[in-house]
Amino acid sequence: MTFDFDTAIDRASSDSRKWRKYAGKDILPLWIADMDFAASPAIIAALHRRVDQGVFGYGMPLPPLTRAVVDYCATHYQWQIDPAWLVWLPGLVTGLNLAAGAFGEKGDAVLTCTPVYPPFTSAPRNMGREVIKVPLARHGARYEFDWAALARAVTPRTRVFFLCNPHNPVGRVFDRAELEQLAAFCEEHNLILVSDDIHCDLILDDVPHIPVAGLSPAAAARTITLMAPSKTYNIPGLACSFAIIADTKVRATFVRAMAGIVPEMNVLGLAACEAALRESEPWRQALLAHLRGNLDLLAHFTAQHLPGVTLLPCAATYLAWLDVSALRLEQPAEFFEQHGVGLSDGVQYGAAPGQFVRLNFGCTRATLTEALTRMQRALAAR
Ligand SMILES: Cc1ncc(COP(=O)(O)O)c(C=O)c1O
């Protein structure tokens, strides 16, 4: 079966946040992390079946769905999990907020490495926690943990570490040695390790995803893994994700924090999740091929036609981290927006002003080509 990632679907007239931002303007939206593709045929068929039943009362994840998650973790990451470890959530950001607030007390701290997806720094603040930001160290084009800076920054009141793996926005897939060192660091400082793995099925390089909780029983005992089909299978609007928490006490603390706040799961999200995990692997493989093609195009185009713009290596996700510091623009995202391309400003992720923009290449090749051509024209006209 072939899948189509190149026919444009009109989203501008739909409820799409991505496209509505620029309603009535000739600006291509390459910002928020969703892709311009229809979900897999298997997901769409499962949704039709669920809708056709016609009743939308309160739902619950049934054993075949739970089993689908367990099987998926075993097949894709060689990670054996127990169904009892699963806690269903309507969103991963919900999970970040819950985890920030569930451990320790107000005034305690959450440690994380920047640049990073904005809720990593807003969730602790929402929960009355301090957020300690340690920049990732950049060695050439590669970002790494800065162990010395982390050791200096951690305080006796730090309770939680937020990891993004694969990393949004820098595109790294952390390797086993790095994750082992991080798990040891969390052990040494008695931190709960919250690992946001939402992009882990979007690895473009030939490297495996290693869930940090799968490294050892000790790592599992302090880790909350957050996962979802939403990014990979392009169903974030269906609000379905889950936490995997091996330790009974850590899980009970997390679940207590949910009480009265976290709503019921959306029954359509549950149906889509099962179809994603069980039946959508051929679609995912085709998607990865398309994204790799887009990334190649982006790399070549940037090198040849966008002087002053450097694409950093993107081992995973469909979000490219572009170093635009050489352009010496105060507001690079605004500059490109004025020239018809809507990017995300690196400042949102904690980068210094004028240094970075993030480009979402989860779109048709035609859209990407047009956006890059507009960027080329914008730079030529400066
Ligand atoms: C690292 C990361 N975590 C979480 C989310 C959003 O998760 P959700 O929509 O399930 O709250 C995103 C979306 O871009 C993300 O990049």
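See the structure above.
Residues numbered from 1 in each chain as written. Predicted model: local features only at pLDDT ≥ 70, side-chain atom pairs only at ≥ 80, totals over all residues.

Student: So, the sheet that holds strand β14 (residues 344-345): which residues are in play, and what are the values?
Tutor: The antiparallel open sheet is built from 4 strands, whose spatial order is β11-β12-β15-β14. Every interior strand has two partners, whereas the edge strands, β11 (310-311) and β14, have only one. With 2 bridges connecting them, β14 and strand β15 (residues 356-360) associate as antiparallel partners. Looking at the pairing, Asp 345 lines up with Val 357 of β15. (Pairing = 2+ DSSP bridges. Helix = DSSP H or I, 4+ residues; strand = E, 2+ residues; numbered from the N terminus.)

Student: Help me get a handle on the sheet that holds strand β7 (residues 158-164), residues and values and all.
Tutor: Strand order in this open sheet of 7 strands is β2-β10-β9-β8-β7-β3-β4, and the pairing throughout is mixed. Each of the sheet's edge strands pairs with one partner strand only, and the pair in question is β2 (86-89) and β4 (130-135). Averaged over all pairs of adjacent strands, the angle between strand axes in this sheet comes to 20°, irrespective of strand direction. (Axes fitted to C-alpha atoms, helices over the stretch in contact; angles between N-to-C directions.)

Student: I'd like to hear about the pairing of strand β8 (residues 192-196), residue by residue, with values.
Tutor: Counted residue by residue, β8 has 5 buried out of 5 residues, so it is predominantly covered. Side-chain alternation along β8 places Ile 192, Val 194 and Asp 196 on one buried face and Leu 193 and Ser 195 on a second face that is also buried. Across 5 bridges, the pairing between β7 and β8 is parallel. Bridge assignment links Cys 164 to a residue of β8, and that residue is Asp 196. Following the backbone out of β7, through helix α7 (residues 176-188) and into the adjacent parallel β8, one traces a crossover that is right-handed. One ladder, built from 4 bridges, connects β8 with strand β9 (residues 223-227); its direction is parallel. Each residue of the ladder has a partner; that of Asp 196, found in β9, is Leu 226. (Buried ≥ 20, exposed ≤ 12 C-beta atoms within 10 Å, placed from the backbone. Right-handed = clockwise from strand over helix to strand, strands pointing away.)

Student: Run through the nonpolar core, naming residues and quoting values.
Tutor: In this structure, Ala 99, Val 160, Val 194 and Ala 272 are the most contacted members of the largest nonpolar core, which totals 122 residues. With 8 residues, helix α10 (residues 267-279) is the single largest residue contributor to this core. Every residue in contact with Val 160, bar those within four places of it in the chain, is listed here: Ala 99, Ala 100, Phe 103, Val 110, Leu 191, Ile 192 and Val 194. (Core = buried A, V, L, I, M, F, W, Y, C linked by C-beta atoms within 7 Å. Contact = placed C-beta atoms within 7 Å.)

Student: Go over the packing of helix α4 (residues 92-102) against helix α9 (residues 248-258), please, and point to the residues and values.
Tutor: It is the contact of α4 with α9, at a shortest axis distance of 9 Å, that shows an interaxial angle of 110°. The angle between the axes of α4 and α9 places the two elements in the roughly perpendicular class. Remark: the crossing between α4 and α9 carries right-handed chirality. Of the residues in α9, those touching α4 at Leu 98, Ala 99, Gly 101 and Ala 102 are Thr 253, Phe 254, Ala 257 and Met 258. Class assignment for the residues of the contact of α4 with α9 results in 6 nonpolar, 2 polar and no charged. (Parallel < 35°, antiparallel > 145°, perpendicular 65-115°, else oblique. Left-handed = near helix turned anticlockwise from the far one by under 90°. Nonpolar A, V, L, I, M, F, W, Y, C, P; charged D, E, K, R; others polar.)

Student: Now, about helix α3 (residues 63-77): what can you tell me, with residues and values included?
Tutor: Here α3 spans 21 Å end to end across 15 residues, near enough to the 21 Å set by a 1.5 Å rise per residue. Along α3, the positions that sit buried rather than exposed are Leu 65, Ala 68, Val 69, Tyr 72, Cys 73 and Tyr 77. Axial view of α3: buried residues confined to an arc of 130°, hence all on one face. Residues of α3 that are exposed and point more than 90 degrees away from the buried face comprise Pro 63, Pro 64, Ala 74 and Thr 75. Directly beyond the C-terminal end of α3, a positive phi value near 50° is found at Gln 78. (Expected span 1.5 Å × (residues − 1). Arc of directions from axis to C-beta.)

Student: Describe the pairing of β7, naming the residues involved and giving the relevant values.
Tutor: Across the 7 residues that make up β7, a large majority, 7, are buried. Sheet topology note: the strand β3 (residues 109-114)/β7 ladder contains 4 bridges and is parallel. Within β7, the position partnered with Thr 112 by the bridge is Phe 162.

Student: Talk me through the site of the ligand; I want residue IDs and the actual numbers.
Tutor: Around the ligand there are 13 residues in total, and Ala 33, Gly 91, Leu 92, Val 93 and Asn 168 lie nearest to it. Looking at the shell around the ligand, its residues break down into 8 nonpolar, 4 polar and 1 charged. (Near = placed C-beta within 6 Å.)

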